[in-house]
Structure formats: structure tokens, C-alpha cells
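Chain by chain, the residues:
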Amino acid sequence: MSAPTDTHCPYCSLQCGITLTPKPDGTLSLAGREDFPVNRGGLCIKGATATELLDHPERLTAPLVRDSRDDPFRPATWDEALDRIAAAITATQERYGRDAVGAFGGGGLTNEKAYQFGKFVRVALRSRNIDYNGRFCMSSAVAASTRAFGMDRGLPFPFDDIPKADVLVLVGSNPADTMPPAMRFLEEGRERGARHIVIDPRRTATAAHAHTHLQPVPNTDLSLANGLLHIAIRENLVDEAFIFTRTNGFDAVRRAVRSYWPDRVERVTGIAVPDLYELVRALAAAPTAMILTARGVEQHADGTDTAQAWINLALALGLPGSGPGSGWGTITGQGNGQGGREHGQKADQLPGYRQLTNPAHRAHVAGVWGVDPDDLPGPGVSAYELLDRMGTDAGVRALLVSASNPVVSAPNARHIEERFAALDFLAVTDIFLSETARLADVVLPTTQWAEESGTMTNPEGRVLLRRKAVDPPPGVRSDLQIWRGIADRLGRGQFFPTEPEEVFTELRRASAGGIADYAGITYQRLAAGEELFWPCPAEDHPGTSHMFTERFATPDGRANFLPVRPRLAAELPDEAHPYLLTTGRARSQYQSGTQTRRSPTLAAAVPRPYVELHPELARSLGIADGDPVRLSTPRGSAVLDARLDPGSRRDTVFVPFHWGGAACVNALTSDALDPTSRMPEFKTCPVAVEKAVVTADEQNGAAARPAAVRT
């Protein structure tokens, strides 16, 4: 029997440490690692069942092609599948130009894959069109953090700092469901007497454990933060010395929040005036205090400004860079949500957070890649814009999708499905036949997390080595091998190594001197157990666990305040759509559900999609627990099972977004975009709610679980 392998969970951004041990029957046992500081042996239900997918009967193990969109898939050789992709790329670019071919990636790709995918598009395809599903997740916090602090690292301090906060404010964050092992940091804080305040329209499992739970009207967090800053200024609670020595722009923000009187903020947000004062005074009086935001704040068409408003409050109170237990941060959700956005999957970005529009940045990366800087394309468009323009004169005609399922995860999802159908050619790499893969012309089977090595970066900026534990099934290849095979056929294969460590060595060179500098991080140091946080510019550097202790990453070393005000929402409740719809995750499901809906344990835990309603709202509409409920917005409707929850707001319904087809809630969500981050408006849209008379497909739960492949 082979030796155990220490590695990491394939799901959320915590990347919990696990040990995989071969059993006599050829399967693997899985246990949490006590030595890994993030989870210390703890695992959630998703991590504990991760091995269920390794030998799943629906696992793709051979390339699939079809001769027309009306034909079923049939197995093909790798040569046939790769030849088809290369021929489609060549024909499309000859007819429409290089930018007519693009790529869409995922926040679960390893650092090596994220880096190589961005390079593949710019060097092999020589196209500007690449973006990824992280644009739907962290992009607003990224934009706000970059303009305030000069850089983006989700948490500029380790998770171990969280228990040291005497007052912790969580805004739009529910780690009890989205990343349960992280709750130990909150529990440790409460055990030492910390006070926790959760701001969320729902009474989540996280809110239930907090000392105070405030339930604002959805999409009023910006007004709330401005109102809290107004009180802090009015009560002389701001840190004038910190503002004077370490920041710019406070006077403009002071003027901007003058009109946010507490009674006005109460009318807008629904938070009572005494609660506003109590929150500000608690933050200001605490020896250490921390504000953490997440998707509830950021997934709005003004998400960047909303995140900025909370940063403004944190800066005014002197929290960022002030030592362990204090600061502002954003909690990243996707498995490699941090690393996946650092190294080139974003439309405007090169490795190490370098910018495509900066000549010096282009020259550095081009030198590492061995190409002429002038041959690198310019920035492309954001994720939703890329998808929205598919099959048009302004968009791509052929697309490669890797480790993403935008037919479920994108807003206005039925429109996006129509755009996929308008493509001349679609190729998808995945481990299962996802809803997006089912639309493809070619589907390529890829290795899973335990079948390959690579690095991941968690929200702290901690770089981790995910080790290979088992061989993949015969006929399966890694994404690195797939991209090399396509590049070979395009005459550019010499630029693309396929061994993860060789790719990482090149990534280190490409990121050297950048904001996210990995130059000093090696597989050997990680394998030896060193805890390495970027930036780590040299092999004798210990890494940087705490950011901003002496200066911020701006040119003058000072953080930037920025005045922000709410904008009128793209859609407001009306007589036809009188309620508010918000979306999020369920504890036993993950992202678009491609993996978790196939896990027998996880599927049994939440077998069907559902909508949470307050009992009073349900009673007024004649809806009982378990009844089918139809939700309708201007984009369409979906039918889900009712779950009555007295912790919900009476004007708000909540739906997890893990299901596709007729139960796809993202078919209802708004595609209004934040002007800075290009984040879609996932979290709030007006909705009609009624007891449903269901169709046969809806009654049978046709969309609750993906269909098996037809061959």
C-alpha cells in the first residue's frame, strides 16, 4: 500500500489541509490535517466527501465530439479532438481575425494553470479575449482594495489574526455555510471575549452565533457605511493621527457623508438609529477591531463603491495596517480565487498583477515568455461582456472554456445559454459533462485535484502545494497537456511546458518585482512545510504575512479615501415585482454544482433547489413549507421548493445558485454591471413570488441534476 499524501481540499478558498491514504480496496481514505493552521484537522461536509468524485461513474475519461449540434456526442481519439479544435481556431481567425477566438477560465484552476491559460490565449491564440468566473465573485473588492491600498490581497493578514479582534464586523458574509472550518477563528475570538456583529439581510448560521445581528434592506450597505462614518466624525471617534500620517483624501469623504444623518440612514437601510450608534462606538472603543466584507457587499452594480465605503470607515478608525487583530479584508470564496486572479486570467492583467496597458509590465512578461512585447494583445472585455457578445460581430466566434460552468453561474443565464448556441465553435475541458459542456462541439476530460500537483493561494496570500496522490484514469489529460497539444497544432507549442513545477518556475520569474511577487517561493520550500505568503521576492525571504504595517502599496505609501454615493439601482420593486431576490450558497453545495450535485452524500443533504421565505410572506401568498413556488423577474421564471425561515426579511427571498436548467436562479438575476469592476448585480433584483402550478419538467426536477452523457 502506498504512503499517505498530505494535500489540500478541492473546494473553497480555505484550501483545508487533508491527508489521503490508500486503502486495500484501491480507494482513498480522507482525513483533515491537524498540522495545517487554517483548519487544524477540521473539515466541512464537502471536504470530507471529496473523494466520492474520483471514481464517479459519470466521470469523463475520453474526448467527446459531435459532427453537428443536433448529433449526440461520440467518443473520439485525442488526436481527432485536438485537430478539430486547432482547425476551428485557425478557420475562425482567418475569417474574423485573432480576437474572434477567446477563452473563459475558472477560479478553481491552480496557479500554474491560471498562469498558463492567460499565456496560452496571448501567445498561442494571440487574442485579447480571456476572462474568468472570478469576475463574478471578488472583482468589486479587488477594485476597491486596489484603488484604496494600491494592491489586492483578500486578507492582508493571516486568519489567525481574526480571533485577536476585540470587535469583529462581518458584512454580507456567512462563513458558517460557505467555509465552515473558518468558524473556529470566530469561536476562538468569542471565547476570549470578542464581540461579533453580523450585517446581513438573512439570519444566517453565522448571524445566529453573533452578539448582534443587523438586517438591512438588501443593497443599502453603501448608505449604511456612509452613515456609520457620519456618526464617527460627528462623535469625534475618528483616528485623526492615523488619517493625517497614513492617508489621503479624507476631507472629500468628510464632506460627502455630511448628509447621511442617522434618521435618514435608518429610513434607507431599516437599521435603527440606536443600533447605528452602538456599532460605531463599539468599533471605535475596541483596542483591536476588524471589518470583513464578502459577496453580500460586493455582488452589486455599485459593489466597488460599497466596498470602498467600508474601507473608508476602516481607514477613518485607523484599522488597516495597525497590527494584529485590526484591519479590513474581504473573504474570497473560490478554491483559488486569490491566486487565480493574480497571474493573467483577467482581461486586463498579466502575471504578478502586472497590467497589459503598462509598457514596462509588458516588456518584463514578454521577456520571460520569449516574445516581442509588441506582439502581446491589449486588454479584452470582462467576463459578462465576453459571454454577452458571443457569436456577434463584436465578440468571439469560437471559445475555449476551462473549469467553469457559466450556463449556471452567469447572470441572465438563459440569455448566456442562447449566446453559447450562437457560437461557431465551443470546446470545454472538465471532469464531468456540465451544463456548459453539454453545449460544446468538443469536450476534453481533465485531471482532478488528487491526480495532479500544483499550487493554490488562499485569501491570506498563503501559497500552498497541492500534491498528486493518485494517477488519473487512462485517457485523461491535464489542462497543461491539453493547451500544449493545441499550441503544437498552431505552431506555438515550444512556449508551453507541461510539468507543473516547470510552469511554476516560469511563473516565479514572470511575477518577480510585481505586486504579487512569487519569486522566492519554490516547490522545495513548500514541501518542507514553510508557511509562505506573497510577496516573497527571494528564496531567503520569509514571505509577508502582514501587509501595510509601515506603508501602503500606493506610490506615496498612503492609503486613499474616496467619496462614494449610492447610485439608483438598475431595477426597483414595482407592482409586478414587489419583493427582492438575493442569492448565495448552501452549506452542502458548491458554486455551479458540477461536482457537488454528483456527490451522493451532498446530493442527499440538499436533494432539490429551494427558496427561503419568511413565514408571514408565505402565509400572505398561500404558500406552505415544501410547496412549489414560482419566482419571476423580467428575465424569466424558476420553480423551487418553499422553505419557511423566520430569519428572513419579510420583503426578501433567498435562493442558492447551485442548480441549472428550469431551477437556475441566475436565469433571473440582473446583468447590470459595476462600472469599475464589471461585477454583475447578482445579489438584488425585484421579483414576483407565487404558489406555482408546475409543468411536467419542473415537477420532475429536470434541472436539479445534470443528465449523463449520450454516446
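Criteria and cut-off values
- Residues numbered from 1 in each chain as written.
- Predicted model: local features only at pLDDT ≥ 70, side-chain atom pairs only at ≥ 80, totals over all residues.
- Heavy atoms only, no water.
- Helix = DSSP H or I, 4+ residues; strand = E, 2+ residues; numbered from the N terminus.
- Rg over C-alpha atoms; globule rule 2.2 N^0.38 Å.
- Buried < 20%, exposed > 50% of the residue type's maximum accessible area, 1.4 Å probe, protein only.
- Contact = heavy atoms within 4.5 Å.
- Areas by Shrake-Rupley, 256 points an atom, 1.4 Å probe, with all protein chains shown as cover.
- Axes fitted to C-alpha atoms, helices over the stretch in contact; angles between N-to-C directions.
- Parallel < 35°, antiparallel > 145°, perpendicular 65-115°, else oblique.
- Left-handed = near helix turned anticlockwise from the far one by under 90°.
- pLDDT = per-residue confidence, 0-100.
- Core = buried A, V, L, I, M, F, W, Y, C linked by side-chain atoms within 4.5 Å.
- Salt bridge = Lys/Arg side-chain N within 4 Å of Asp/Glu carboxyl O.
- Phe/Tyr/Trp six-rings, centres within 6.5 Å; stacked < 30°, edge-to-face > 60°.
- Lys NZ or Arg CZ within 6 Å of the ring centre and 35° of its normal.
- Polar contact = N/O pair within 3.5 Å; in protein donor to acceptor, adjacent residues only side chain to side chain.
- Pairing = 2+ DSSP bridges.
- Expected span 1.5 Å × (residues − 1).
- Disulfide = S-S within 2.5 Å.

**Overview of the overall build of the protein**
Then comes step 1: In terms of helices and strands, the protein carries 24 helices and 28 strands.
Then comes step 2: Computed over the C-alpha atoms, the radius of gyration of the protein is 24 Å, within 12% of the 27 Å expected from 2.2 N^0.38 for a compact globule of 711 residues.
Then comes step 3: Counting only residues that meet the buried cut, the protein has 65% of its 711 residues in that class.
Then comes step 4: Summarising the internal contacts of the protein: among those between residues at least 6 apart in sequence, 74% fall at separations of at least 24.
Then comes step 5: When the accessible surface of the protein is summed, it comes to about 24,000 Å², and 49% of that surface belongs to carbon and sulfur atoms.

**Some thoughts on the packing of helix α2 (residues 78-96) against helix α19 (residues 479-489)**
Then comes step 1: Packing of α2 against α19 brings their axes to within 9 Å, and their N-to-C directions diverge by 60°. With respect to α19, the element α2 is oriented oblique. When you trace α2 past α19, the crossing you get is right-handed. Residues W78, D79, L82, D83, I85, A86 and I89 of α2 pack against I482, G485, I486 and R489 of α19.

**Some thoughts on the confidence of the model for the protein**
Then comes step 1: Per-residue confidence for the protein gives a mean pLDDT of 95; residues scoring 70 or more make up 98%.
Then comes step 2: Across residues 702-711, where pLDDT falls below 50, the model places 31 contacts with residues more than four positions away in sequence or in other chains.

**A few points about the nonpolar core**
Then comes step 1: Counting residues in each nonpolar core, the largest one holds 112 residues, and the members touching the most others are F120, I291 and W310.
Then comes step 2: Setting aside its immediate chain neighbours within four residues, I291 contacts V169, V171, L283, W310, L313, A314, L319, G327, W328 and G329.
Then comes step 3: Within the second largest apolar cluster, 40 residues are counted, among which are L30, F36, L53 and I431.

**Concerning the pattern of salt bridges**
Then comes step 1: Under the defined criterion, the tally for this structure stands at 45 salt bridges.
Then comes step 2: A salt bridge links E188 to R40; the nearest nitrogen and oxygen atoms lie 3.4 Å apart. Linking E188 in helix α6 (residues 183-191) with R40 in the loop between β3 (28-32) and α1 (45-48), this pair joins segments that are 148 residues apart in sequence.
Then comes step 3: Residue E188 is classed as partly exposed on the basis of its relative accessible area of 27%.
Then comes step 4: A relative accessible area of 38% places R40 in the partly exposed class.

**Some thoughts on the packing of aromatic side chains**
Then comes step 1: All told, the structure shown has 16 aromatic pairs when counted by the stated rule.
Then comes step 2: Ring geometry for F120 and F496: centres 5.9 Å apart, planes at 65°, overall edge-to-face. Taken together, the positions of F120 in helix α3 (residues 111-124) and F496 in the loop between α19 and α20 (500-511) put the pair 376 residues apart, joining distant regions of the chain. An identical accessibility class is assigned to F120 and F496; each is buried.
Then comes step 3: Ring pairs connect the aromatic residues F149, W328, F548 and F552, which therefore count as one cluster.
Then comes step 4: Note that R184 overlies the ring of F185, its terminal NZ or CZ placed 4.0 Å from the centroid.
Then comes step 5: A cation sits over an aromatic face here: R202 above F654, 3.5 Å from the ring centre.

**Describing the side chain of R649**
Then comes step 1: Counting through the fold element by element, R649 comes out in the loop between β26 (636-644) and β27 (652-656).
Then comes step 2: The buried category is assigned to R649, whose relative accessible area is 17%.
Then comes step 3: For R649, the side chain forms a polar contact with the side chain of D651, separated by 2.9 Å.
Then comes step 4: Those residues in contact with R649 that sit more than four places away from it in its chain are P201, Q215, P216, V217, P218 and H614.

**Some points on the sheet that holds strand β18 (residues 442-445)**
Then comes step 1: The seven strands are arranged β5-β4-β18-β17-β16-β6-β7 in an open sheet whose pairing can be described as mixed. Both edges of this open sheet fall to β5 (74-75) and β7 (130-132), since each of them pairs with a single strand only.
Then comes step 2: Note that strand β17 (residues 425-430) and β18 share four bridges and pair parallel. For D430, the partnering residue across the bridge sits in β18 and is P445.
Then comes step 3: Sheet strands in contact with α2 are β4 (64-65), β5, β6 (101-105), β16 (398-402), β17 and β18, and its direction is about 130° off that of β18.

**Re α2**
Then comes step 1: Counted at 1.5 Å a residue, the expected span for α2 with its 19 residues is 27 Å, and the 27 Å between its end C-alpha atoms agrees.
Then comes step 2: Next to the buried residues of α2 lie β4, β6, β16, β17, β18 and α19.
Then comes step 3: Just beyond α2, the residue with positive phi is G97, at close to 105°.

**Describing unusual backbone geometry**
Then comes step 1: With an omega of -5°, the peptide bond running from W534 to P535 counts as cis.
Then comes step 2: Following the sequence through the fold, P535 ends up in the loop between β21 (532-533) and β22 (559-560).
Then comes step 3: Of note, A403 is a non-glycine position whose phi angle comes to about 60°, a positive value.
Then comes step 4: Tracing the backbone shows A403 in the loop between β16 and α17 (406-409).

**Digging into the sheet that holds strand β2 (residues 17-22)**
What links the strands of a sheet is backbone hydrogen bonding, and the strands pair in either a parallel or an antiparallel sense.
Then comes step 1: Here we have three strands laid out as an open sheet, ordered β1-β2-β3, and antiparallel in their pairing. The two strands at the open ends of the sheet, each matched to only one other strand, are β1 (5-8) and β3. Adjacent strand axes in the sheet meet at a mean angle of 35°, parallel and antiparallel pairs treated alike.
Then comes step 2: Relative to β3, β2 runs antiparallel, the two being bridged by five bridges. Bridging across to β3, T19 finds its partner in A31.

**Concerning the state of the cysteines**
Then comes step 1: Per the stated rule, a full pass over the model turns up zero disulfides.
Then comes step 2: The cysteine C664 is free of any disulfide, with C685 supplying the nearest cysteine sulfur at 12 Å.
Then comes step 3: Its relative accessible area of 4% is what places C664 among the buried residues.
Then comes step 4: Under the relative-accessibility criterion, C685 is labelled buried at 2%.

**Observations regarding the environment of L399**
Then comes step 1: Among the structural elements, L399 can be located in strand β16.
Then comes step 2: Linking L399 and L426, residues 27 residues apart in sequence, is a C-alpha distance of 5.1 Å.
Then comes step 3: Residues within four places of L399 in sequence aside, it is in contact with G102, A103, F104, M390, F420, L423, F425, L426 and A427.

**Notes on the pairing of strand β9 (residues 195-199)**
Then comes step 1: Summarising burial for β9: four of the five residues are buried, a large majority.
Then comes step 2: Relative to β9, strand β8 (residues 167-171) runs parallel, the two being bridged by five bridges. Among the inter-strand pairings, L170 is bridged to a residue of β9, identified as V198.
Then comes step 3: One ladder, built from three bridges, connects β9 with strand β10 (residues 212-214); its direction is parallel. The residue of β10 that forms the bridge with V198 is H213.

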